[in-house]
Amino acid sequence: MILFCLPYAGGSETIYYKWKNYLHPSIQVVPIELKGRGKRFSEFFYESLEEAVDDIFENIKNKIVDDDFAIYGHSMGGLLAYELYYKIDELNLRKPKHIFFSGYKAPSIVRERENTYTLPNYDFMKKVMELGGTPEELMKNKELLEIFLPIIRSDFKILETYKYKERRNKIECDVSILNGKQDSINLEEILTWKNHVCRDFKVYNFEGNHFFINSNVENIASVINATLVCKNHTIRESCNGM
């Protein structure tokens, strides 16, 4: 079973590296690196969320032909996972066995239209810091800030210019919603995800704010293991015998 992992705004594939130490050996973790960061630092940023989804699809399309797979996306990664599912569905390709939507409210919920990404640097970073997850030291390190600022600003741009499109067909795979107990996302916004799904639907709450993902690696891995191991045909027999 392949687990494609999509990062939050400003994040890179490195946030998922240590997951390999906690996930079952049958689960192959494949973190997705987006343009403009990490090993893709020299590439131009996306102009839209749709462009990001197209790029992610190009990177995974050959891997999903023969192998079972699941998708995990946190915050911005959750929205990318949602749109990626429909990209795959529209092309009538093998669908994921499971999707983990983490730290993101249902996409159908009307959001206040913001243009945070157009703010001056100081005001913009102040907004970013309010979300948590970004170390204060970053604001004091001019060199690092010069690298990080264009990345996070670009990610906010594609999020804030995203236009939700209602689909008639619901998601045809099991779904898990993961949320931080101290996050600003409320229960109604979490449960609204159920309107988008026609299969099994579970909600998991973790201690922490919007970036609970960084302090709950073992707990999240336990959920993923319990969810995916018995979906993996290579060890289905042993699961049935438990």
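Refer to the structure above for everything that follows.
Residues numbered from 1 in each chain as written. Predicted model: local features only at pLDDT ≥ 70, side-chain atom pairs only at ≥ 80, totals over all residues. Heavy atoms only, no water.

> When you look at the environment of Lys63 in this model, what are you seeing that I'm missing?
Among the structural elements, Lys63 can be located in the loop between helix H1 (49-60) and strand S3 (69-74). Remark: the alpha-carbon pair of Lys63 and Thr14, spanning 49 residues in sequence, is separated by 20 Å. With near-sequence residues (within four places) excluded, Lys63 lies in contact with Ile2 and Phe4. Engagement of the side chain of Lys63 in a polar contact is seen with the backbone oxygen of Asn59, the distance being 3.3 Å. (Helix = DSSP H or I, 4+ residues; strand = E, 2+ residues; numbered from the N terminus. Contact = heavy atoms within 4.5 Å. Polar contact = N/O pair within 3.5 Å; in protein donor to acceptor, adjacent residues only side chain to side chain.)

> Can you help me understand helix H5 (residues 142-160) in this one?
Residue pairs three or four apart in sequence face the same way in an α-helix, which turns once every 3.6 residues. Between its first and last C-alpha, H5 extends 26 Å over 19 residues, near the 27 Å set by a 1.5 Å rise per residue. Those residues of H5 lying buried are Leu145, Phe148, Leu149, Ile151, Ile152, Arg153, Ser154, Asp155, Phe156, Ile158 and Glu160. (Expected span 1.5 Å × (residues − 1). Buried < 20%, exposed > 50% of the residue type's maximum accessible area, 1.4 Å probe, protein only.)

> Please clarify how the sheet that holds strand S6 (residues 201-206) should be interpreted in this entry.
Paired through backbone hydrogen bonds, the strands of a sheet run either parallel or antiparallel to each other. Taken in spatial order, the six strands line up as S2-S1-S3-S4-S5-S6 in an open sheet, and their pairing is parallel. This sheet does not close on itself; its edge strands, each paired only once, are strand S2 (28-31) and S6. Strand-to-strand twist of the sheet, defined as the mean angle between neighbouring strand axes without regard to direction, takes the value 20 degrees. Note that strand S5 (residues 174-180) and S6 share six bridges and pair parallel. Its bridge partner being in S6, Asn179 is matched across the sheet by Asn205. Contacting strand S1 (2-6), S3 and strand S4 (98-102), helix H2 (residues 76-90) runs over the sheet at an angle of about 145 degrees to S3. (Pairing = 2+ DSSP bridges. Axes fitted to C-alpha atoms, helices over the stretch in contact; angles between N-to-C directions.)

> What is the right way to look at unusual backbone geometry in this model?
For residues besides glycine, phi is generally negative; the peptide bonds are generally trans as well. Its identity is not glycine, yet Ser75 carries a phi of approximately 55 degrees, on the positive side. Tracing the chain through its elements places Ser75 in the loop between S3 and H2. For Asn92, which is not glycine, the phi torsion reads 55 degrees and is therefore positive. When you line up the elements, Asn92 lands in the loop between H2 and S4. The class for Asn92 is exposed, based on a relative accessible area of 65%.

> Even after reading the chapter, I still don't get the packing of helix H3 (residues 121-130) against H5, so can you show me in this structure?
Where H3 meets H5, the closest approach of the two axes is 11 Å, and the angle between their N-to-C directions is 70 degrees. Taken together, the axis directions place H3 and H5 in an arrangement best described as roughly perpendicular. Each of Asn121, Phe124, Met125 and Val128 in H3 lies in contact with H5, whose residues at this interface are Leu145, Phe148, Leu149, Ile152, Arg153 and Phe156. Residues belonging to the contact of H3 with H5 are distributed by class as follows: eight nonpolar, one polar and one charged. (Parallel < 35°, antiparallel > 145°, perpendicular 65-115°, else oblique. Nonpolar A, V, L, I, M, F, W, Y, C, P; charged D, E, K, R; others polar.)

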